[in-house]
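Secondary and tertiary structure notes
Residues per chain, in single letters:
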Amino acid sequence: MPWRLLKFAMSDRHPEPRMFTPHAQLKSSYDVVIIGAGGHGLASAYYLARDHGITNVAVIEQGYIGGGNTGRNTTIIRSNYLTPEGVKFYDESVRLWQDLSTDFDLNLFYSTRGHFTLAHTDASMRTMRWRAEVNKHYGIDSELVYPDFIQKAVPSMDMSCAGHAPILGALYHAPGAIARHDAVAWGYGRGADMRGVEIHQQTRVLDILTQGGRVTGVKTSRGDIACGKVLCAVAGSTPRILKMLGLRTPIYIHPLQAMVSEPMKQWLDPILVSGSLHVYISQTARGELVMGASLDPYELHSTRSTLDFTESLSAHMVEMLPQLSQVKVVRQWAGMADMTPDFAPIMGKTPVKGFYLDAGWGTWGFKATPVSGKTMSYTVANDRTHPLIEGFAFDRFERYALTGEKGAASVGH
Amino acid sequence: MKIMTCPINGPRLISEFTYWGECQTMPEPADCTDAQWADYVFNKSGAPGIKHEWWCHTPSNTWFIAVRDTMSDVIEKTFLYGQQ
Amino acid sequence: MASNNSMRLPLQPGEWLDRGTVLPFRFEGRSYSGFAGDSISAALWAAGQHTLGRSFKYHRPRGILTLANHDINVMLQTPQAMNIRGDVQALCAGMELVAVNTAGGVENDRNRYMGLLARFLPVGFYYKAFHTKALFPLWERVIRNFSGLGQLDLAKPALHTPKRYDFCDVLVIGAGVSGLQAALHAARAGAQVVVVDENARSGGSASYQLGGNAAALEALRELQNAVAAEPLIRVLTDTTAVGYYADHWVALIDAQCMTKLRAKAVVVASGSFELPAVFRHNDIPGIMTGGAAQRLINRYAVRPMHTAVALVANSEGFTAVLDALRAGVKVAAVADMRMQAPACAARDEVRAAGVRVLDGWAIYEAHAGDSGRRLTGVTIAPLLANGDANARAGEQVACDGVIMSVGYAPAANLLYQAGTSMGWSDTVQQFVPATLPAGIFACGRVNGVYDSAAKALDGQRAGMLAAAHCGFASPQLVPHVPEALRCPSHPWPIVAHPQGKNFVDFDEDLQLKDFYNAAQEGYDNIELMKRYTTNGMGPSQGKHSNMTALRVLARILGKTPIEVGTTTARPFYHPVPISHLAGRGFTPERHTPMRALHAQAGAVWMAAGMWQRPEYYAVAGRSRMQCIREEAMNVREKVGLIDVGTLGKLEVIGPQAAEFLERVYISRYANLAVGMTRYAVMCDESGVVIDDGVVARLADQHFYFTTTTSGAATVYRELSRLNTMWRMDCGIVNHTGAFAGVNVAGPQARKVLATLTSADLDGAAFPYLGVREIDVAGIPARAMRVGFVGEWGYEIHVPAEHGAALWQALMQAGAAFGIRPFGVEAQRLLRLEKGHIIIGQDTDGLTVPREAALGWATKLDKPFFIGQRSLQAIAKRPQKQTLVGFTLDIPGMDTSQDSHPNMPSESHLVIVDGEISGRITSVAFSPALGQVIGMAFVTPGLSAVGTRLPFRLTSGKMVDAQVVALPFYDAAGACQKEASA
């Protein structure tokens, strides 16, 4: 029994202070306003306060802490991306994840499980080997493995996928992990709050004020704020905010759905992803199976669910893991994924001075929570782009300098 | 499943359709700057609203325009290109 | 050990049992029996077995709580099935049941000591501890072992269920009184109606909340008969509407399968959840809701307890007491939480029966014996104004059961899913629909209507309006539903206790103080509270707990329920088996007409998108690589035949056909002579190469062109879109499936073809890159001399119905010349020897033409083509990478070896000065050249012929290649052109 739980037995009153200080009013000005109290926004606030000594910060959140994609994702953390800039970026994130529970003194249930990206075609194997080689070059634990290895890790998997899409191999990433997504927002939030950052929930941003191409303030539903720096980290709501400044990006919003099963005794350790079957699955510490698939096919600013999502995910999942047909799905939900054409985020400075953007997180945002906070806080504090995010610049599309993260999209002959 | 009305084939399940994206007007290539062209190629209007979109009824290869509210997903009307 | 049927009652009117069919079964290793019609829990309860499960966290003994599938106290497992809900699962003969998640059985679960640790396990305790880095993996293992309910049988094969579709005008969800009335009146207006109900029989609460009212039961029978007699109504019982989706698409689940139903209007008559009261130890087996007690009595003929104390706050509670009295239960006391309860007939009847009724009293705590497995009594006490109990004025009452009837929450899940916005009714103390979306209607308890007569009127109203919405005649007179005269729900059915164990969420073992503590820690809005406490996140998804939690939060914040709001209701209403969602699966394959012939020739299949293509043809005693190389060498030396029928095949015809092609491809086609072909590359608007093929000009205004296999549908669709916009004077046709295609290639190819056609195959008459419409073996064909594999060859396209005949004719004619079929792998090897790229392998999602050595094909001076303007912008910037050819010397490697440790693979990286400077896109041992050849992207500085390219193998070992000019084989193209054969 962990010693720290003893205190709960000792006192009659619950000996825990408030995590998030309520603030009756907004001040009239702050040094930095962060729009969005999700993982990224709160992480930025945390590092601004902790590492840069900037505490006169307000985080403005239209709903509740972590209520956006932070609370809806399927919690997969990995760094086995394709491009050098991606690999270096996510590797730094994984490094930061290792100590986050200790930093927060809050258990994020960061659980290293191993991650398989299954390949069912030779084109896919080529891509996996490409990723493995790039990963290894940067010291990431990642390798191409073959059916024997996979079958040993998941003895119940049907390697032929009902005969339709035999597994030829996989990219195996031993550091692949899952974590308790809500808790990340709470941990960063409490850490920021403790250091004087103000978190204002149920507060909408109505407009962003500029003068001469420079940010001067923010209009909110609870009053106006003067500030010289605004960081926007609102994922699916990004285009709405950018519209206030007349900024255009390639970001397009499609729903991304997921579903969860009843809890059952532990049987699945690793995280499984199949590109061909378009499915992924992992088992939480509570014993539930969390499952997801590909993006919804058309733009929609809504978190509505569809039945066909559950149907095609189930059909494919059962090909891979036949025993799942006896498992029951309890709930389905969706988030709004802010997608970009090169499957990489848009981070850093923008054409509007003092306005910093952390967006374009598509299906790859949760794992980047710590490193996005780290790099964005640096960028905001210094008004200088952090080296790790130079490849994700706002203007890269104009320069035809897209990242190659989607570059492995291959077409069979 | 959601229903979309193809101007030729009538109401069909949305799974019978392919979504292309919002209609865009191409700037005159000779008259625009590289930046303006890149904006046309890559940038989107992004925010929710009522948009004119290209959709295709896949089995019959019927391309048409749908006017859809991208927040509520209400399809206001569909019509063949040029036949508002 | 209790004897079987010790709690079974004699025949009850309307019971669900078939007493003629006795079903023996086993639970936790002991034998029992029940009747057909019993649910598992009912049969066990009848037998006197009351410890039916153990709670998730504290492993407390649990019994029947709601018996309505609003809680999961009774979660069971058999060797065949996991996570069975005993309360509602029909009993079957021979079931071998155990309770889930116990260590050593449900009676003596060793994990029950977790309850002793409760003091150390406050809300969110797992966030506050176990995260010492070194120890977390150990703690995690412990926690993961404790978690989870049932055990999944990993060896179980997939279960494939069919899926059904159904249609109706009006779907009514819930076959209680209001639902049946709605159905009847919609049908009478002319609508086709489907009524679904998750229970085995219709009737809803009117079928069990009887209180001895025979007239009410008779009225229900009449209603059920009227519905049965109505031809436009179909009633589906044992069927749950689990989710509402766009355009009135509703998922219905029954034991066998899923039905997807499209309605034109939906009436939600789903009733309400009966809520447990909150008091210390309110989870001891024997403590149940009034509805549970009444279901036991009236459906299953089971006496719920011997001696009861009732805790009520509505007239339904007194009806339940009357049912209990009729079933022979001694009612020691009724604590009515209301200070001034309104008069009601049932209450008077209870008093008249001599039962002690105490107004303004509640249960303060329950007491257990037998290690918590059995209720022995309760302490009742008067309530103070603030809702707390005056414990000192309490008294102990011995009993073995408690009936709780303190209030309800609407089962509004499908209403929420449909986009209903709910409002709060102070009158009935529940959320009720405020704004319903078009086509959605609500009636009965979910609509806040509890009085039986009012429920019937509400159902009629909803049914009429639903039918009108569907276009049937608008009703002349929609019944007016009277306002509620009484409140069925207590606003605070909660009694605090300093020692806690007063449960709110029974799935998650959450006590009242957990909510106060969560709020204290700052999780004080409804969403954060849910996520932090996990209230409503268990398998019951908040059915019995969400409303109570909301009331607690409202009190903490000093807000009204509507101000606090609710969490989102998502599909599914009850958990749905993946088998039902998956169905039988549908994975189509596309085959060419020559499939059987390939199979006969020993084809080993590979997937190319949805198509199946021969990867190679197996030969006994030869390895795969040997077969591939020999097929390739046979093409170089004699003649080979490959099925290329999976390629996209399109035609564009009309006065502007050439102009159209010039706009969509990067090269020129206006100057392509009739009877000639030209390579074609397509880019997207950002200038990235997306597809390639060959364009053949059959006539001035008639072009026939190919695409890659996987690009066929997309290219055709996009070209159609472009022309829809451009409205050029031409039409596009997709012949991909209508034509079969082969490529016959090699030094003997002309001779082979000559035996099958009278056309002039002389080099002058039919030059390299020419296209001719000729007869081959009597089949009208389009033949093109193309250069993909680098030998004299003809790509022949014929109508698909002649594909097999063409193949056979060529194989027969070619036999004398040593013809062999060759597959995709051999073709890839041959084209590599000629330095031809494969889109998607030698290009990726960012490759522009100049990077893939396609600058020559890019005619930037054309008036317009897709991608042109971007390529102009890109041309101003430095080139990032270049595709080059390379050769690699591996001493000792020859055709006898399938591979070699020093042989690199595709995607191996070029490493120069410790930096990634490129990667291999294609590589193979070339039998024609006797060495390893390949193509790689490299940084432009490494592209000069002769440059050393260091590759890093998987092991980390470096091998050196050198850049060479392409093609590797027959640079002059002599094999393909006039001088040869």
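A few points on the structure. (Residues numbered from 1 in each chain as written. Chains lettered and ligands numbered in written order. Predicted model: local features only at pLDDT ≥ 70, side-chain atom pairs only at ≥ 80, totals over all residues. Heavy atoms only, no water.)

Looking now at the interface of chain B and chain A. Chain B puts 22 residues into the contact, and the matching count from chain A is 23 residues. For the pair chain B and chain A, the summed buried surface comes to about 1,800 Å²; carbon and sulfur atoms form 59% of the total. In terms of surface lost to chain A, no three residues of chain B exceed Tyr19(B), Phe42(B) and Lys44(B), which account for 30% of the buried area on that side. Its salt-bridge partner being Lys51(B), residue Glu299(A) comes within 2.8 Å of it at the nearest N-O pair. Elements that contribute at least two residues to the side of chain B that touches chain A include exactly α1 (34-42) and β4 (50-57) of chain B. It is α1(B) that provides the largest number of residues to the side of chain B that touches chain A, a total of six residues. (Contact = heavy atoms within 4.5 Å. Buried area = accessible area lost by both parts, 1.4 Å probe. Salt bridge = Lys/Arg side-chain N within 4 Å of Asp/Glu carboxyl O. Helix = DSSP H or I, 4+ residues; strand = E, 2+ residues; numbered from the N terminus.)

One pass over the full model with this rule turns up 53 aromatic pairs over all chains. For the ring pair Phe109(A) and Phe136(C), a centre distance of 5.5 Å and an interplane angle of 85 degrees mean the geometry is edge-to-face. You can see Phe109(A) sitting in the loop between α4 (100-104) and β4 (111-112) and its partner Phe136(C) sitting in helix α3 (residues 136-146), one on each of two chains. No difference in accessibility class separates Phe109(A) from Phe136(C), as the two residues are buried. Centroid distance Phe125(C) to Tyr126(C): 5.1 Å. Interplanar angle 70 degrees. Geometry classified as edge-to-face. This pair shows no difference in class: Phe125(C) is buried, exactly as Tyr126(C) is. Aromatic ring contacts, followed pair by pair, group Phe20(A), Phe109(A), Trp186(A), Phe125(C), Tyr126(C), Tyr127(C), Phe130(C), Phe136(C), Trp139(C), Tyr523(C) and Tyr532(C) into a single cluster. (Phe/Tyr/Trp six-rings, centres within 6.5 Å; stacked < 30°, edge-to-face > 60°. Buried < 20%, exposed > 50% of the residue type's maximum accessible area, 1.4 Å probe, protein only.)

Core analysis: the biggest nonpolar cluster contains 166 residues, and Trp186(A), Leu171(C), Phe279(C) and Val378(C) have the highest contact counts within it. Broken down by element, the residue count for this core peaks at seven residues, all from helix α2 (residues 39-52) of chain A. Setting aside residues up to four positions removed in sequence, Phe279(C) forms contacts with Ile287(C), Leu311(C), Ile363(C), Tyr364(C), Glu365(C), Ala366(C), Val402(C), Met404(C), Val495(C), Lys501(C), Asn502(C) and Phe503(C). Within the second largest apolar cluster, 72 residues are counted, among which are Val681(C), Ala852(C), Leu854(C) and Ala924(C). (Core = buried A, V, L, I, M, F, W, Y, C linked by side-chain atoms within 4.5 Å.)

Here we take up the sheet that holds strand β5 (residues 75-77) of chain C. Residue and element names in this part refer to chain C. Taken in spatial order, the five strands make up an open sheet running β2-β1-β7-β5-β6, and their pairing is mixed. In this open sheet, the two strands that pair with only one neighbour each are β2 (30-36) and β6 (84-85). Bridge count for strand β1 (residues 18-27) against β2 is seven bridges, and the pairing is antiparallel. Across the sheet, the residue bridging to phenylalanine 27 is arginine 30, located in β2. (Pairing = 2+ DSSP bridges.)

Next up on the list: the sheet that holds strand β40 (residues 739-745) of chain C. Residues and elements named next belong to chain C. Taken in spatial order, the six strands make up an open sheet running β41-β42-β43-β40-β34-β44, and their pairing is mixed. Where the open sheet ends on each side, the last strands, each with one partner, are β41 (771-776) and β44 (819-821). Averaged over all pairs of adjacent strands, the angle between strand axes in this sheet comes to 25 degrees, irrespective of strand direction. As paired strands, strand β34 (residues 639-643) and β40 are joined by four bridges and run antiparallel to one another. Bridging across to β40, isoleucine 642 finds its partner in asparagine 743. Against the sheet, helix α17 (residues 624-637) contacts β34, β40 and β44, and its axis sits at roughly 140 degrees relative to β44. (Axes fitted to C-alpha atoms, helices over the stretch in contact; angles between N-to-C directions.)

The accessible area lost on association of the parts is a frequent measure of interface size. At the junction of the two partners, chain C supplies 112 residues and chain A supplies 100 residues. Together, the buried faces of chain C and chain A total about 9,300 Å²; carbon and sulfur atoms form 55% of this surface. Inspection of the region where chain C meets chain A yields twelve salt bridges. Note that Asp269(A) and Arg144(C) form a salt bridge whose closest N and O atoms lie 2.9 Å from each other. Among the elements that line the side of chain C that touches chain A, the one with the most residues is α3(C), at seven residues. Taken together, the residues that form the side of chain C that touches chain A break down as 52 nonpolar, 33 polar and 27 charged. Judged from the two bridges that link them, strand β18 (residues 328-339) of chain A and strand β31 (residues 576-577) of chain C form a sheet pairing that is antiparallel. Within β31(C), the residue paired with Lys328(A) across the bridge is Pro577(C). (Nonpolar A, V, L, I, M, F, W, Y, C, P; charged D, E, K, R; others polar.)

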